[in-house]
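Commentary on secondary and tertiary structure
Spelled out from the first residue to the last, the chains are:
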Amino acid sequence: MALYQYQTLDDDARDIRLITLLPGDNDDVISLSISHAALTQPPECPDTRLSLEEVQATLPPGWTVFETTEGRYLFENDETAHTSWTHPLPDTDPSLYEISCEATSPEGCPRHLRHKNKSRTLWIDAVCINQKDIPERNKQVTRMGDIYRLANRVLVWLGPESSNSKLALFTLGRIGEQVEMTKKNSRCRSPTASILDLFQRPWFDRLWITQEIHLANQHSAFQCGNDEISWPLFRRGAICVFNKKDMLWPEFSDRAFELRQLMRYLPARNFFSQLLLSRNRLCSDPRDRIYGLLALASKKVSTAIQPDYSLSLNQMQRLDILMHTEWTTDQEHKLPSWVPDWSRPIEGFAVGHGSFCSAISAAQARFISPGVLKAAGVFCATISVVQEPLPKSAGSTSNGIRQWAPENLQTGYYVTGERLLDAFAWTVVDNCLRDRYPAVALYPSVEEVKTEVLDSVLKRLDSPDREAKSSITLGRLRNWSFIRTEEGYFGLGTPSSKPGDIVCVILGCAAMVILRPTSSDRYQVVGSCHLHGFSDGSALLGPLLSPWKVHLRADSTGASKPCFHNPLTGENSNQDPRLGILSKDWEELEAVRNVDDPVAFARFNNKITSEVLNSDPRLLPEALRSRGINVQNFQLI
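The text that follows walks through the structure, step by step, so that each part is easy to find. Residues take numbers from 1 onward in each chain, read along the sequence in its written order. Predicted model: local features are reported for residues with pLDDT of at least 70 only, side-chain atom pairs are reported and counted for 80 or more only, and whole-chain, interface and lining totals are derived from all residues. As a rule here, side-chain values cover all heavy atoms of the structure and leave hydrogens and water aside.

**Things to note about the overall build of the protein**
Of regular secondary structure, the protein possesses 19 helices and 23 strands. In this scheme, a residue with accessible area under 20% of its type's maximum is buried, one over 50% is exposed, and one in between is partly exposed, where area comes from a 1.4 Å probe on protein chains only. When each of the 637 residues of the protein is scored for burial, the buried share is 52%. In these tables, accessible area is a Shrake-Rupley quantity obtained with a 1.4 Å probe, and a residue counts as shielded only by the protein chains included in the view. Accessible surface for the protein amounts to roughly 29500 Å². Of this, 51% is attributable to carbon and sulfur atoms. Each helix is a run of H or I in the DSSP string that is no shorter than four residues. Each strand is a run of E no shorter than two, and both are numbered from the N terminus.

Next comes the structure, spelled out in structure tokens:
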């Protein structure tokens, strides 16, 4: 049989190819036709509802309104947890809070996707794009976001039915029906059974699926064999599973973490966050690590990066978006050390990214010559000891903890004045504790971690179950080394660290950075790290005075923002008590997040120049120097 010959698409008409799958039973020969169609934008349907904040203002005391990931407003009674799609005040006009209209578009493996009695129109990227035509691929990749966004529904094909896939989809559906997921990534607990096999399917490892499911509407579905589950129910059920503590046996804990990130509401996150969350996903072309997420990027980013598969990897890595210094690379592609190598997956969890070590400061960086980036920051410590990373096998966690633990763990004091055991417990979970994230029930408390640490150090793990529990609690340590500094600090860092490397806080960088001095007074970026005692801007503003503590709470997009909590008075404030009074030239604006904002941000306006910042002007280099902070410029190569 002759191979199908692709016909040239009409780019002026924004043509795409569509497959018409003719009806038939599973065993019938597949019959289909391929046609061209113009990808036209339907008329925009404006959202005439009140904003979430405006609806909240109409509620009686004791009620909260949330927006679900499908866009509906959900009303919850704070005391009883009762929820409703209708306003608690019955006389409220529904048009003020209900979606006024839904965008519609034409409809649009094969054996199971085919209907028995009618044709079905599909768009399948592997067939509808001529993969051998580079110019066509360049054009069609830019249209994929609209295709997923405008499709009547996106149908995810997981593969043929297996022995327990029907049970897995049924269970997820039943779980998902019990909850609603909000754009703040609210979570719940649910029972589960035999779902691990389903989540081990290859589809969940692909990079392209990220935009595929996050641009899909509420009519979209997952199909396995002849069984189908709607995307909203699948997502809610999966979130319940991933946040149930007794579900996370060691062989599933890492997988659950990766998939939980996939299920989170991503479109409101900035492009760099999306790149980080998708870094370990698989793609055949390393350029797709950027191109495969562009449909989720803001217009500012997506218009600045045009897909071009004729570029070499080196050329592509020099895009402006890759200036971020939170990840480092080897020299495989002859890149500067501060340029992330997105072509390589990473092992284990990232460390230090929730420490907010540079507070709400802006990056102060510029190119001074090809391959050299000058960035402002603060020196913190010099590494003196780098210990071996924990073994990758889950069952060996306790042995590694014993090797890392200081000799006087139960009686000693840390350089900050706190008890050594407390400092060690915070360090080995990279600050991921309920004491810091009070809304994340999945995280342990510091007291629970101290117990796990002592169980390991004192060899009290007398059963496989206790060893497994310890491996889950402390499992994020795997692939990281325990580092100590000349100044008495300790923390987690990349195993490629060496004695003599320095640890710095770079302005505008969420994690601390390990730098390696060179003979030319320049530095190579070794990797990110977590050094206990420098979280929440302590290197820039000094330690947070008692009784204040930092809590990380989700904003309206689900991003964790620091909140300052006083446990004595119960007060919660977005204002850092260390910053002092704002200069009369500046005023703080309402911090409404847009997609290009970093995770921690605020909004300030200069009343004289009208300059608007998404960082705090009290953390500019000149302001920090006036506080006596030695802000230096590091030349990174």
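And the narrative resumes.
**Considering the sheet that holds strand β7 (residues 155-157)**
Following DSSP output, two strands are said to pair if at least two bridges run between them. Pairing in this open sheet of three strands is mixed, and the strands run β7-β8-β9 from one edge to the other. At either end of the open sheet lies a strand with only one pairing partner, and these are β7 and β9 (227-230). Taking the axes of each pair of neighbouring strands and ignoring which way they run, one obtains an average angle of 25° across the sheet. Throughout, a residue-residue contact means that at least one pair of heavy atoms, one from each residue, lies within 4.5 Å. Only the stretch in contact is used when a helix axis is fitted, and all axes are lines through C-alpha atoms; the angle between N-to-C directions ranges over 0 to 180 degrees. Along the sheet, helix α5 (residues 165-176) makes contact with β8 (221-224) and β9, crossing β9 at roughly 25°. Packed on one face of the sheet, helix α8 (residues 231-242) meets β8 and β9 and runs near 80° to β9.

**Examining the state of the cysteines**
Working definition: a disulfide is two cysteine sulfur atoms within 2.5 Å of each other. Under the defined criterion, the tally for this structure stands at zero disulfides. Cysteine Cys357 shares no disulfide, and the gap to the nearest cysteine sulfur, in Cys509, comes to 6.3 Å.

**Looking at the pattern of salt bridges**
Whenever Lys or Arg places a side-chain nitrogen within 4 Å of a carboxyl oxygen from Asp or Glu, that contact is recorded as a salt bridge. Under the defined criterion, the tally for this structure stands at 20 salt bridges. A salt bridge links Arg49 to Asp47, with the shortest nitrogen-to-oxygen separation between them at 3.0 Å. Note on Arg49: relative accessible area 10%, which makes it buried. In this structure Asp47 comes out as partly exposed when scored by relative accessible area, which is 49%. As a salt-bridge pair, Arg153 and Glu228 come within 3.0 Å of each other at their nearest N and O atoms. Of the two residues, Arg153 sits in the loop between α4 (134-150) and β7 while Glu228 sits in strand β9, which places them 75 residues apart along the sequence. Residue classification places Arg153 among the partly exposed positions, given a relative accessible area of 26%.

**So, the packing of aromatic side chains**
Ring pairs are drawn from Phe, Tyr and Trp, using the six-membered ring of Trp, whenever the two centres fall within 6.5 Å, and their geometry is named by plane angle: stacked under 30 degrees, edge-to-face over 60, tilted for the rest. By the definition in use, this model includes 21 aromatic pairs. Judged by centre distance (5.9 Å) and plane angle (90°), the rings of Trp123 and Tyr148 are edge-to-face. In this pair, Trp123 is assigned in the loop between β6 (120-122) and α3 (125-128) and Tyr148 in helix α4, connecting sequence segments 25 residues apart. Each member of the pair Trp123 and Tyr148 is classed as buried. Seen in terms of ring centroids, Tyr291 and Tyr309 are 5.2 Å apart; in terms of plane orientation they differ by 75°. Their pairing is edge-to-face.

**A look at the sheet that holds strand β19 (residues 571-573)**
Strands sit in the order β17-β18-β19 across an open sheet of three strands; the sheet is antiparallel. Both outer strands of the open sheet, β17 (549-554) and β19, are each paired with one neighbouring strand and no more. The average undirected angle you get between the axes of adjacent strands in this sheet is 40°.

**Some remarks on the packing of α5 against α8**
Where α5 contacts α8, the two axes come as close as 7 Å, and the packing angle between them is 90°. Classified by the angle between their axes, α5 and α8 sit roughly perpendicular to one another. Touching Leu169, Leu172, Gly173, Ile175 and Gly176 of α5 are Leu233, Phe234, Arg236, Gly237, Ala238, Cys240 and Val241, all from α8. Looking at side-chain class alone, the contact of α5 with α8 contains eight nonpolar, three polar and one charged residues. Angles are sorted into four bins: roughly parallel if under 35 degrees, roughly antiparallel if over 145, roughly perpendicular if 65 to 115, and oblique for all others. When residue character is reported, Ala, Val, Leu, Ile, Met, Phe, Trp, Tyr, Cys and Pro are called nonpolar, Asp, Glu, Lys and Arg charged, and the others, Gly included, polar.

**Re α8**
One full turn of an α-helix is made of 3.6 residues, so residues set three or four places apart face in the same direction. The end-to-end C-alpha distance of α8 is 16 Å, a good match for the 16 Å that twelve residues give at a rise of 1.5 Å each. Counting buried positions along α8 yields twelve of twelve residues, so the element is predominantly enclosed. Burial in α8 covers these residues: Trp231, Pro232, Leu233, Phe234, Arg235, Arg236, Gly237, Ala238, Ile239, Cys240, Val241 and Phe242. A helix is expected to span 1.5 Å multiplied by its residue count minus one.

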